[in-house]
Amino acid sequence: KAGVTQTPRYLIKTRGQQVTLSCSPISGHRSVSWYQQTPGQGLQFLFEYFSETQRNKGNFPGRFSGRQFSNSRSEMNVSTLELGDSALYLCASSLRGAGTYEQYFGPGTRLTVT
Amino acid sequence: SQQGEEDPQALSIQEGENATMNCSYKTSINNLQWYRQNSGRGLVHLILIRSNEREKHSGRLRVTLDTSKKSSSLLITASRAADTASYFCATASYSGGGADGLTFGKGTHLIIQP
């Protein structure tokens, strides 16, 4: 089976812009979760989608949003980018749910905001 | 917010030695998972232990869970240079709506000296 893929792998944006990241889960996985990883805060849970519905949400401002399509592919969007949004954004897919089954992570998208 | 806290933050040992990492958490959990990350890349799932289990093995890995002390340990036996990586524990809890997303600790950076 192909693994979790994320596009793009690297991105440089300017403050105030918006960005959309994409994640394709492992075939058959219905749960997709997003995480932000920074040196200071570590790995933080953003949200989880399951069958096109947001099931859980972490403690992030409304500028961070996401969606999931009927083929389980997911996108996350960050609007009005801030310097502090520079991070590695990781997507993970799971068979049923992030908290119940092991998650399979993609390689991440490294976002730099200047 | 981080629920799991790994200890030590960094560990350097000689190849062939055993490495032990500990994780403490704060709230009741459904399961605890260990992940490995090489150099800012995606995470790789190592092992999942459920709250009603006390010990689990996978190859050179041994994980224990003590729910009364809210702690877990990961033992890597006969370490190899390829084990050099950051290791994270992640906890999954249940709220009224079902399983929540994973909460990661800040990780233990393990260096295996040849």
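Figured I'd write up the structure that's included with this text.

Reading the values: the criteria
- Position numbers for residues count from 1 along each chain, tracking the sequence in the order it is written.
- For this description, chains carry letters from A and ligands carry numbers from 1, given in the order in which they are written.
- Totals for whole chains, interfaces and linings use all residues, but because this is a predicted model, local features are given only for residues with pLDDT of at least 70 and pairs of side-chain atoms are given and counted only at 80 or more.
- Values shown for side chains rest on all heavy atoms present in the structure; no hydrogens or waters enter the calculation.
- Strands were regarded as paired on the criterion that DSSP finds at least two bridges between them.
- In DSSP terms, a helix is any run of H or I states spanning at least four residues, a strand is any run of E spanning at least two, and both are numbered starting from the N terminus.
- Between N-to-C directions, angles cover 0 to 180 degrees, with each direction set by a line fitted to C-alpha atoms, over the stretch in contact for helices.
- A contact between two residues is defined here by any heavy atoms of the two lying within 4.5 Å.
- Joining two parts hides part of their accessible area as seen by a 1.4 Å probe, and the buried area is that hidden amount summed over both.
- Each reported salt bridge corresponds to a side-chain nitrogen of Lys or Arg within 4 Å of a carboxyl oxygen of Asp or Glu.
- Ten residue types, Ala, Val, Leu, Ile, Met, Phe, Trp, Tyr, Cys and Pro, are classed as nonpolar, four, Asp, Glu, Lys and Arg, as charged, and the remainder, Gly among them, as polar.
- Only a pair of cysteine sulfur atoms within 2.5 Å counts as a disulfide in this structure description.
- Exposure classes here rest on a 1.4 Å probe applied to the protein chains alone. A residue is buried below 20% of its type maximum, exposed above 50%, and partly exposed in between.

**Description of the sheet that holds strand β3 (residues 19-24) of chain A**
All names here are of chain A.
Line of reasoning, step 1. An order of β1-β3-β8-β7 is seen for the 4 strands of this open sheet, with the pairing classed as antiparallel. The open sheet has two free edges, formed respectively by β1 (5-7) and β7 (64-68), since each of these has just one partner strand. For this sheet, the mean angle separating the axes of adjacent strands, direction not counted, is 20°.
Line of reasoning, step 2. Relative to strand β8 (residues 74-78), β7 runs antiparallel, the two sharing 5 bridges. When the bridges of β8 are listed, Q68 appears paired with S74.

**Describing the interface of chain B and chain A**
The accessible area lost on association of the parts is a frequent measure of interface size.
Line of reasoning, step 1. If you look at the interface, chain B gives 23 residues, while chain A gives 21 residues.
Line of reasoning, step 2. Overall, the association of chain B and chain A removes approximately 1,600 Å² of surface from exposure, summing both partners, and the carbon and sulfur fraction of that is 48%.
Line of reasoning, step 3. If you look at where chain B meets chain A, you find 0 salt bridges.
Line of reasoning, step 4. Listing elements by their share of the side of chain B that touches chain A, those giving two or more residues are β4 (31-37), β5 (43-50) and β9 (85-92) of chain B.
Line of reasoning, step 5. In terms of residue class, the side of chain B that touches chain A is built from 9 nonpolar, 10 polar and 4 charged.

**Considerations on the sheet that holds strand β3 (residues 19-24) of chain B**
Residues and elements named next belong to chain B.
Line of reasoning, step 1. On the basis of which strands lie adjacent, the open sheet formed by 5 strands has the order β1-β3-β8-β7-β6 and antiparallel pairing. The open sheet has two edge strands, β1 (5-7) and β6 (55-58), and neither has a second partner. In this sheet, adjacent strand axes meet at a mean angle of 20° when their direction is disregarded.
Line of reasoning, step 2. Sheet analysis places β1 next to β3, joined by 3 bridges and oriented antiparallel.

**Focus on the state of the cysteines**
Simply put, disulfide is the name for a covalent bond between the sulfur atoms of two cysteines.
All names here are of chain B.
Line of reasoning, step 1. Per the counting criterion, the structure on display carries 2 disulfides over all chains.
Line of reasoning, step 2. Each sulfur of the disulfide joining C23 and C89 lies 2.0 Å from the other. Because the torsion about its S-S bond is 65°, the bridge between C23 and C89 counts as right-handed. With a gap of 66 residues between them, C23 in strand β3 and C89 in strand β9 connect regions that are remote in the sequence.
Line of reasoning, step 3. Taking the relative accessible area as the measure of exposure, C23 reaches 2% and is therefore buried.
Line of reasoning, step 4. Relative accessible area serves as the criterion here: at 0%, C89 is assigned to the buried category.

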